[in-house]
Amino acid sequence: EITISLSDQMQDMVQQGFDLAIRITRPEQLPPNQVARALRTVRYIAVASPRYLQGLGHELDHPQALSVQHGVACITLGYGEFQNHLQWARIPHNVNTPVETDKVTVHTPVCVDSSTAIIHLALQHQGIGLVADFAAQAALDSGTLVPVLPDWQLTGHYAPRTAYALYMPSRHLPLKVRALIDHLVEAGK
C-alpha cells in the first residue's frame, strides 16, 4: 500500500512521516541530513497549443518575441525564484558556435504553483506555459501542445535541475523504499 502526498512545498519528512520524497532542485539546495539519489535531469520548456500560436499573428523565433510589448501571455511558476524575467541561451549546433543569450521580461497574467495547472491552462489556449519537460511530455507526444522556441534553452532561474529521491539515512533501508527508488531510477533513464 502506498500513500502519496503531492505538493510543491518543502515538507519535513520526519515530522510528516514520509519514507521518501521526490524533489526537483539544485545539488547545493539539498537537505544536508538526507540521502539523495539522482533520478534524472529536469529541463524547463515553453509550450503552447497550436491554436494559441496561430492566434498570435507573429512568429516566435526569438525570445524577444515573447516580450511584454508583443502581448504574448506566459503562464509561469508562481513561487520561489520563478518569475517573469526569463533568461535564454540558444542551443549551439556545434561546439565552435558561440552561445547566444537573451533576457526578456514577459507578460504573466497567470502565475501558478502547479505544473499540472500550467499544462491545463496551456491546453485551454490561455498562453505559453513554462513547465518542467516531464510534465508536458504526454501533451507534446499527442500534439495537443507544441514546443515554443525549441532552439533555445531556458537558463537563469529556469535552468535545468535534477530530480532526486530523498530519504532519511538508515542502517536498513526498507525494502519498499529501495524497490521504489530502483523503479524511479530505471524509469528516469
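Predicted model only: the values in this text are computed from it and were never measured. (Residues numbered from 1 in each chain as written. Predicted model: local features only at pLDDT ≥ 70, side-chain atom pairs only at ≥ 80, totals over all residues. Heavy atoms only, no water.)

Draft legend 1. Structural detail: the sheet that holds strand E2 (residues 35-42). Ordered by their spatial adjacency, three strands build an open sheet running E1-E11-E2, and the pairing between neighbours is antiparallel. Strands with a single pairing partner mark the edges of an open sheet, and in this sheet they are strand E1 (21-25) and E2. Here the average twist between neighbouring strands, direction ignored, is 30°. As judged from the seven bridges shared by E2 and strand E11 (residues 161-167), these two strands associate in the antiparallel manner. Paired with Ala38 across the bridge in E11 is Tyr164. Seen against the sheet, helix H4 (residues 133-142) touches E1 and E2 and runs at an angle of roughly 40° to E2. Taken strand by strand, helix H5 (residues 175-187) contacts E1, E2 and E11, and its axis lies near 25° from that of E2. (Pairing = 2+ DSSP bridges. Helix = DSSP H or I, 4+ residues; strand = E, 2+ residues; numbered from the N terminus. Axes fitted to C-alpha atoms, helices over the stretch in contact; angles between N-to-C directions. Contact = heavy atoms within 4.5 Å.)

Draft legend 2. Layout of the environment of Ala73. Following the sequence through the fold, Ala73 ends up in strand E4 (residues 73-77). Non-local contacts of Ala73, meaning those with residues more than four positions away in its chain, are made with Tyr52, His107, Pro109, Gln126, Gly127 and Ile128.

Draft legend 3. A look at the sheet that holds strand E3 (residues 44-48). Spatially, the five strands line up as an open sheet ordered E7-E4-E8-E3-E9, and their pairing is mixed. Unpaired on one side and paired on the other, strand E7 (107-112) and strand E9 (146-148) mark the two borders of the sheet. The average undirected angle you get between the axes of adjacent strands in this sheet is 40°. Sheet topology note: the E3/strand E8 (residues 128-132) ladder contains four bridges and is antiparallel. Residue pairing in the sheet places Ile45 in a bridge with Val131 of E8. Seen against the sheet, helix H3 (residues 115-123) touches E3, E4, E7 and E8 and runs at an angle of roughly 150° to E8. Its contacts with the sheet place H4 against E3, E8 and E9, and it is angled at close to 120° to E8.

Functional significance is not addressed by these values, which are geometric in nature.
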